[in-house]
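Read off the chains here:
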Amino acid sequence: MRDEPLVLGIETSCDETGIGIVRGHTLLADALASSVDQHARFGGVVPEVASRAHLEALVPTMQRALDEAGVTLADVDAIAVTSGPGLAGALLVGVAAAKGYALAAEKPVYGVNHLAAHVAVDTLEHGPLPEPAVAMLVSGGHSSLLLVDDLTAGVTPLGATIDDAAGEAFDKVARLLGLGFPGGPIIDRSARDGDPGSIAFPRGLTAPKDQAEHRFDFSFSGLKTAVARWVEARERAGEPVPVADVSASFQEAVCDVLTAKAIDACLSNGVRTLVIGGGVAANSRLRVLAEERAARHGIAVRVPRPQLCTDNGAMVAALGSHLVAAGVAPSRLDLPADSAMGLTSVSVPG
Ligand code: KG4
Ligand code: ZN
């Protein structure tokens, strides 16, 4: 529909420069430039390298997005940009660009929360999100369970990781198995040839004693250490490491805990919709296990296609479009790049 707002979204919080354009819930363009290859030899994202790559990629990615959507900046109704959380220097590039474009083209600008954008992106694929919903966000930087009553007003954190994020655990385990970076997709592939029941790795924060304080929190650092110890013991004994079995058993431990806690969060809040986002939501086992377990309780699972799960500009545009449609005021033009932006703020106030 022509009268729905045309919103452009800019994402630069980590290693992907993303520019997305949506009209209402319809995705028109999703241009992406990734610096992931430049970080691979370091085994993790190097903030300075990411910032420089954003600077180089931003203008060409913007042009690609506008061309793909067949629109000009003058046609756009609002510009949304990730204000935080993320890497400070990387965020600054996107925020400065958004301000420049907003000033030059006289458009309102919305500084938005990256995590809320990971939730909003699902509407581009599955339509309006039934509220309340529980959202599970699992990426390289975050693992959180959220109660979403009204995505434009704020979300309620239910729990989060107390140490490593789920994606970080995938990346670290892939590194210790010598598999490369980023680890998630490689472990996902390697696990297909392995037996998920072959090694009993620990399930963090699932003991009865953790119920009171950490019922909806996650911990993956003990699991990572357990994998390291197991691999070391094999190597010390001079035995080959069964990479596929380790991958499958590790992946099973992560997915078991994530899905069990997500379903528990739905049931205890009387919620019938679970939306999963973030890079780890691309994991094939997580998608299957979440579906299986949710179906047993009559809970609907919504997971966007893998390209929309990892960081992109479309998610920022999708959240911007929600805010415009809900009549939320744009952000002030001196909006900050807020590397520690909390979940209670979905957008920077005007
Ligand atoms: O959301 P994202 O693109 O960036 C952050 O905000 O962190 O997530 C990246 C993370 C990485 O840790 C990567 O290893 C993980 O998502 N990931 C996966 C898969 N694809 C990406 N983890 C498990 N299975 C996958 N298929
Ligand atoms: Zn992300």
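Residues numbered from 1 in each chain as written. Chains lettered and ligands numbered in written order. Predicted model: local features only at pLDDT ≥ 70, side-chain atom pairs only at ≥ 80, totals over all residues. Heavy atoms only, no water.

Chemist: Summarise unusual backbone geometry; cite the residues concerned and give the values.
Modeler: Residue Pro85 is bonded to the preceding Gly84 through a cis peptide linkage, with omega at -10°. By the element assignment, Pro85 lies in the loop between strand 4 (78-84) and helix 3 (88-105). Each neighbour pair has its own omega, and for Glu131 with Pro132 the value is 5°, a cis peptide bond. Structurally, Pro132 is set in the loop between helix 5 (122-126) and strand 6 (133-138). Phi at Leu205 takes a positive value of approximately 55°, unusual for a residue other than glycine. Counting through the fold element by element, Leu205 comes out in the loop between helix 7 (183-191) and helix 8 (211-214). (Helix = DSSP H or I, 4+ residues; strand = E, 2+ residues; numbered from the N terminus.)

Chemist: Requested: an account of the UniProt feature "binding site: Fe cation" (unreviewed entry) in the protein, with residues and values cited.
Modeler: Residues annotated by UniProt as "binding site: Fe cation" (unreviewed entry) correspond here to His114, His118 and Asp311. Separation in sequence by 198 residues is not matched in space for these annotated residues, since their most distant C-alpha atoms are only 8.9 Å apart. Those annotated residues lining the largest pocket are, specifically, His114, His118 and Asp311. Beyond its immediate stretch of four places on either side in the chain, His114 contacts Glu11, Ser13, Thr82, Gly84, Pro85, Asp311 and Met315. Within polar-contact distance, the side chain of His114 engages the side chain of Glu11 at 3.0 Å. Structurally, the position occupied by Asp311 is in the loop between helix 12 (306-309) and helix 13 (313-325). Within the structure, the side chain of Asp311 is placed 3.2 Å from the side chain of His114, a separation counted as a polar contact. (UniProt positions renumbered as here; feature names shortened; annotations may be inferred. 1 Å grid on protein atoms, 1.4 Å probe; cavity = no way out; pocket = protein on both sides within 12 Å on 5 of 7 lines; lining within 4 Å. Contact = heavy atoms within 4.5 Å. Polar contact = N/O pair within 3.5 Å; in protein donor to acceptor, adjacent residues only side chain to side chain.)

Chemist: Tell me about the site of ligand 1, residues and numbers included.
Modeler: Neighbouring ligand 1 are 20 residues; Gly140, Asp171, Gly184, Asp188 and Gly279 lie closest to it. In the environment of ligand 1, an oxygen atom lies 2.7 Å from a nitrogen or oxygen atom belonging to the side chain of Asp171. Asp311 places a main-chain nitrogen or oxygen 3.1 Å from an oxygen atom of ligand 1. When atom positions are compared with the pocket grids, ligand 1 is found to occupy the largest pocket. When residues in the shell around ligand 1 are grouped by element, the largest group, four residues, is from helix 7. In terms of residue class, the shell around ligand 1 is made up of five nonpolar, twelve polar and three charged. (Near = heavy atom within 4 Å. Sits in = over half its atoms within 2 Å of the grid points. Nonpolar A, V, L, I, M, F, W, Y, C, P; charged D, E, K, R; others polar.)

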